[in-house]
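Examination of the molecular architecture
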Amino acid sequence: MSKGSIAFLTLDWSKTETTTEPNGCAYYRCWLPSIELEKFGWKTEVAYPEYNPTLGFGSYVSENVANYGWDIIVFKLIMLKSVAQIMEHARPNQKIVVDIDDFYEGLQETNLAYKNTDPEAHPENNRDHYWKIIDLADAIITSTQFLYDFYTKEKGKTNVFLVRNGIDLDRWRRKQDYSRYLPTIGWVGALPWRSGDLETLRPFLGEFLEKNRLPFHHAGHIKGLNLDITDLSDIPKSIKFTHEPRKIISQYPQMFRKIDIGLVPLNDLPFNHAKSTIKGLEYTAAGIPFISSYSPEYEILAKQGVGRVAYNEEDWIFHLTELQDPKTRKEEIEKNYENVKKMHTTEVRGKDWDKVFTSILDI
């Protein structure tokens, strides 16, 4: 017997000539939860949003075809004026939930999302409508303690829930590290959606790489982009620097193959304090030890035995130096992996999703 039905509705998709796939946010916060929830007896679907004045919100199937009758609707990165107006003036007989895993209130102008959600530039689809949708929702699900505290304490919201991200270990293959004492340092990410993060590496990274003759690899390069990671982080021209383009979610694990030590540089900002540890979980799934700048979530993760946190320049150099030792890397890879397997897989997180949606259905 079904516990109920949940439609995850999002516009966060990538289209290629042959396929349509969720982007990272929709993948981790819609696609994977949907799979796990079905194991607990929920009927689920992930789709583009549709609306019928009589039937409420539904999931898009094809032109003029949609599935309706969902008990719970979960909006992921929906910022449409039309949705905000529907919720304000014609509330359907459904529980409306907004899943939040980014702190849009703390967006920096350097982050492309600031421009892409600007109310003046995008009057029909922007962060003002997003905040109104959040205000009108029956419940909010957050991915970090920072976001949970913000909406409960700062915004005074009730019916706020916390479900951290989990990693689907089964689709990842741990790489073999043959680099010995000359490991490749690397970062996986796209530069336009950063908040001055790579610049935090400037004081030490280039000198460290040059001194130790270490190569650097960037996975997530966007062709034609004016920004360059070597400029932002002051990596000297003498360093062997390689890069590869972004990949869609089904090919995403391939982007980790050339890295032996992963970096998670984060500028010290509220926006980054609200971030989850998904990058660290991905490095771990790929068999890569990693170092992160301080953030509340990464500090928690490190205390659980996963990854390293650098609080200052000296910490970064210390951790990078230690991880040059292949034996240290091997031991850390195993430790990180076993702790993630116990505490941060999608299977473990599925129990949290089930508990939260059971509570939401009872609201």
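1. Structural notes on the nonpolar core
Core analysis: the largest hydrophobic core is formed by 50 residues, its most contacted members being Ile 167, Leu 205, Phe 216, Phe 256 and Leu 320. The dominant element in this core, judged by the number of residues it contributes, is helix α9 (residues 278–285), at four residues. Formed by 31 residues, the second largest nonpolar core is a distinct cluster that contains Val 98, Ala 137, Val 160 and Phe 271.

2. Here we look at the sheet that holds strand β7 (residues 65–67)
An order of β5-β6-β7 is seen for the three strands of this open sheet, with the pairing classed as antiparallel. Two strands close off the open sheet at either side, each with one partner strand: β5 (49–52) and β7. The mean angle between the axes of side-by-side strands here comes to 55°, regardless of whether they run parallel or antiparallel. Judged from the four bridges that link them, β5 and strand β6 (residues 56–62) form a sheet pairing that is antiparallel. In the sheet register, Asn 52 faces β6, and the bridge partner there is Gly 56.

3. Remarks on the layout of surface pockets
What the largest pocket holds in volume is close to 1,500 Å³. Along the walls of the largest pocket sit 44 residues, with Asp 12, Asn 23, Gly 24, Cys 25 and Trp 193 positioned nearest its centre. Where the lining of the largest pocket is concerned, the elements lending two or more residues are α1 (24–39), α3 (112–116), β12 (185–188), β15 (261–264) and α9. For the lining of the largest pocket, the class distribution of residues is 24 nonpolar, eleven polar and nine charged.

4. Some details on the packing of α9 against helix α12 (residues 326–343)
At a closest axis distance of 9 Å, the pairing of α9 and α12 adopts a crossing angle of 120°. The angle between α9 and α12 falls in the class oblique. Both α9 and α12 take part in a crossing whose hand is left-handed. Contact residues: α9 offers Leu 281, Thr 284 and Ala 285, while α12 offers Asn 336, Tyr 337 and Val 340.

5. What to know about helix α6 (residues 205–212)
For α6, the full list of buried residues reads Leu 205, Gly 206, Phe 208, Leu 209 and Asn 212. What you see down the axis of α6 is that its buried residues fit within an arc of 165°, all on one side. Seen from the open side of α6, the exposed residues pointing more than 90 degrees away from its buried face are Glu 207 and Lys 211. Along its buried surface, α6 packs onto β12, β13 (216–221), β15 and α11 (313–322). One or two residues past the end of α6 sits Arg 213, with phi positive at roughly 55°.

6. Comments concerning the environment of Ile 248
On the secondary structure map, Ile 248 appears in the loop between β14 (241–245) and β15. Sequence spacing of Ile 248 and Trp 70 is 178 residues, and the spatial spacing of their C-alpha atoms is 29 Å. Sequence-distant contacts of Ile 248, defined by excluding residues within four places in its chain, comprise Ser 14, Thr 16, Thr 19 and Glu 21.

Cut-off values and rules
Residues numbered from 1 in each chain as written. Predicted model: local features only at pLDDT ≥ 70, side-chain atom pairs only at ≥ 80, totals over all residues. Heavy atoms only, no water. Core = buried A, V, L, I, M, F, W, Y, C linked by side-chain atoms within 4.5 Å. Buried < 20%, exposed > 50% of the residue type's maximum accessible area, 1.4 Å probe, protein only. Helix = DSSP H or I, 4+ residues; strand = E, 2+ residues; numbered from the N terminus. Pairing = 2+ DSSP bridges. Axes fitted to C-alpha atoms, helices over the stretch in contact; angles between N-to-C directions. 1 Å grid on protein atoms, 1.4 Å probe; cavity = no way out; pocket = protein on both sides within 12 Å on 5 of 7 lines; lining within 4 Å. Points joined across faces, edges and corners; volume = space filled by probe spheres on them. Nonpolar A, V, L, I, M, F, W, Y, C, P; charged D, E, K, R; others polar. Parallel < 35°, antiparallel > 145°, perpendicular 65-115°, else oblique. Left-handed = near helix turned anticlockwise from the far one by under 90°. Contact = heavy atoms within 4.5 Å. Arc of directions from axis to C-beta.

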